[in-house]
Amino acid sequence: MTTAFTPIIIDNLVTAIILLDEHLTIRYVNPAAEQLLSSSKRRLLGITLPELLQYSSLDLDLIAATLYSGQGLADSDLAFVIDEQRHLLALNASPISWQKELFVMLELKPIDQQRRISQELSQLAQQQAAKELVRGLAHEIKNPLGGLRGAAQLLEKALPDPSYVEYTQMIIEQADRLRNLVDRLLGPQRPGIRKTDNIHLILEKVRQLIILENDSNLVIERDYDPSLPEIDMDTEQLEQALLNIVSNAAHVLKKQQNGGIIKLKTRTAHQALIQGKYTRIAAKIEIIDNGPGIPAEIQDTLFYPMVTGNADGTGLGLSISQNLIDQHNGKIEVISWPGHTNFTIYLPIQ
């Protein structure tokens, strides 16, 4: 009785089950695995796991090693990329023996939704804490800078030898440079003049600016949804936010010998989770590039001030972009793996 019921039980599990042989070839998938991988059993059976995956954050040799070690493997935060779609999963790999053959049984549970909600709430709290910290530091820096600049101006007037003026001018210039840096850190703290406008007009401005600044090897593709409604926005602020993100992508792609591709994509999103609340309808703007990807160690803190993967970057662009999008009651998400980075912006549509 128990043996007869085993296939029925496995086929009705909500956990995705995949059975692999010693070559990591897929020998069995249950319906939950077909749904998770958005593929039929007929397509999945007989192909190897490395063939199925475009990217895995887990070394697949560790899965094969369970066959010989006899010990299971667990990973509570795993990323698989299949057909350009990233899946965040909790994985358990167990070696099993059946009919004198050894197999690895993978149990996969999607954690995308829980991770997204948890990440967004954490990001909101961290963003607010970072804002307060930067604002406090900025004011502490600006006060002595003003005094320093004023003292240099007074000193310049009292100098007996005009040849020394270049030194006071240097002090004034550097004080101004630091003040500008602090102002950029603070960013605009309130929305500017809002008006209803088409997001595609702004994306086209950004595209033209990037094309003018970069060589012909860079390709910018467009995939716009013409039915997307107009949005209430500050056009200058939104243009700056988008320009910062696209400029970063173009800068990274410059280093590739064959150039690269940036795709600008728009869609309508329904029931999007924005700032902890579900929004009935929102504009979804994606900026996708085929660069090397964002280093894993900075992905969780990417929008913090001074965090950057570019050796010659200031780390302010994305922080400012997030601040501007936040003032439009929107949010920015990013997913990245080698060969693919996707910044997604959600803006509520009234």
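The structure displayed is predicted, hence computed values, not measured ones.

Visitor: Looking at this structure, how should I read the overall build of the chain?
Guide: Regarding its fold elements, the chain presents ten helices and 13 strands. Scored against the burial criterion, the 350 residues of the chain give a buried share of 42%. A sequence separation of at least 24 residues applies to 62% of the contacts in the chain between residues at least 6 apart. Summed over its atoms, the accessible surface of the chain is roughly 19600 Å², and 54% of this surface lies on carbon and sulfur atoms.

Visitor: Help me understand unusual backbone geometry in this model?
Guide: Only a minority of non-glycine residues have a phi that is not negative, and only a minority of peptide bonds are not trans. Of note, the phi angle at S38 is positive, near 50°, even though the residue is not glycine. Here S38 shows up in the loop between α2 (31-37) and α3 (41-44). Phi is positive for Q271, which is not a glycine, with a value near 55°. Mapped onto the elements, Q271 comes out in strand β10 (residues 260-274).

Visitor: Any chance you could explain the pattern of salt bridges here in plain terms?
Guide: Between side chains of opposite charge, a pair can form as their charged atoms come close. As enumerated under the stated definition, the model contains nine salt bridges in all. The salt bridge partner of R43 is D83, with a shortest N-O separation of 3.7 Å. Of this pair, R43 sits in helix α3 while D83 sits in the loop between β4 (73-82) and β5 (85-98); the two residues are 40 residues apart in sequence, bridging distant segments of the chain. In this structure D83 comes out as partly exposed when scored by relative accessible area, which is 46%.

Visitor: Would you explain helix α8 (residues 199-213) in this entry?
Guide: Each α-helix winds once per 3.6 residues, and so residues spaced three or four apart point in a common direction. End to end, α8 covers 22 Å across 15 residues, agreeing with the expected 21 Å (1.5 Å per residue, within 8%). Elements in contact with the buried residues of α8: β7 (195-197), β8 (218-223), β9 (231-233), α9 (235-254), β10 and β11 (277-289). With a side-chain oxygen lying 2.8 Å from the backbone nitrogen of H200, the N-terminal cap of α8 falls on N198.

Visitor: Even after reading the chapter, I still don't get the sheet that holds β4, so can you show me in this structure?
Guide: Neighbouring strands of a sheet are bound in pairs by backbone hydrogen bonds; such pairs are parallel or else antiparallel. Pairing is antiparallel across the open sheet formed by six strands, whose spatial order is β2-β1-β6-β5-β4-β3. At either end of the open sheet lies a strand with only one pairing partner, and these are β2 (26-29) and β3 (55-56). Of the pairings in the sheet, the one linking β4 to β5 comprises eight bridges and is antiparallel in character. Paired with I82 across the strands is Q85, a residue of β5. Contacting β1 (16-20), β3, β4, β5 and β6 (101-110), helix α5 (residues 60-69) runs over the sheet at an angle of about 135° to β6.

Scoring rules and cut-offs
- Residues numbered from 1 in each chain as written.
- Predicted model: local features only at pLDDT ≥ 70, side-chain atom pairs only at ≥ 80, totals over all residues.
- Heavy atoms only, no water.
- Helix = DSSP H or I, 4+ residues; strand = E, 2+ residues; numbered from the N terminus.
- Buried < 20%, exposed > 50% of the residue type's maximum accessible area, 1.4 Å probe, protein only.
- Contact = heavy atoms within 4.5 Å.
- Areas by Shrake-Rupley, 256 points an atom, 1.4 Å probe, with all protein chains shown as cover.
- Salt bridge = Lys/Arg side-chain N within 4 Å of Asp/Glu carboxyl O.
- Expected span 1.5 Å × (residues − 1).
- Polar contact = N/O pair within 3.5 Å; in protein donor to acceptor, adjacent residues only side chain to side chain.
- Pairing = 2+ DSSP bridges.
- Axes fitted to C-alpha atoms, helices over the stretch in contact; angles between N-to-C directions.

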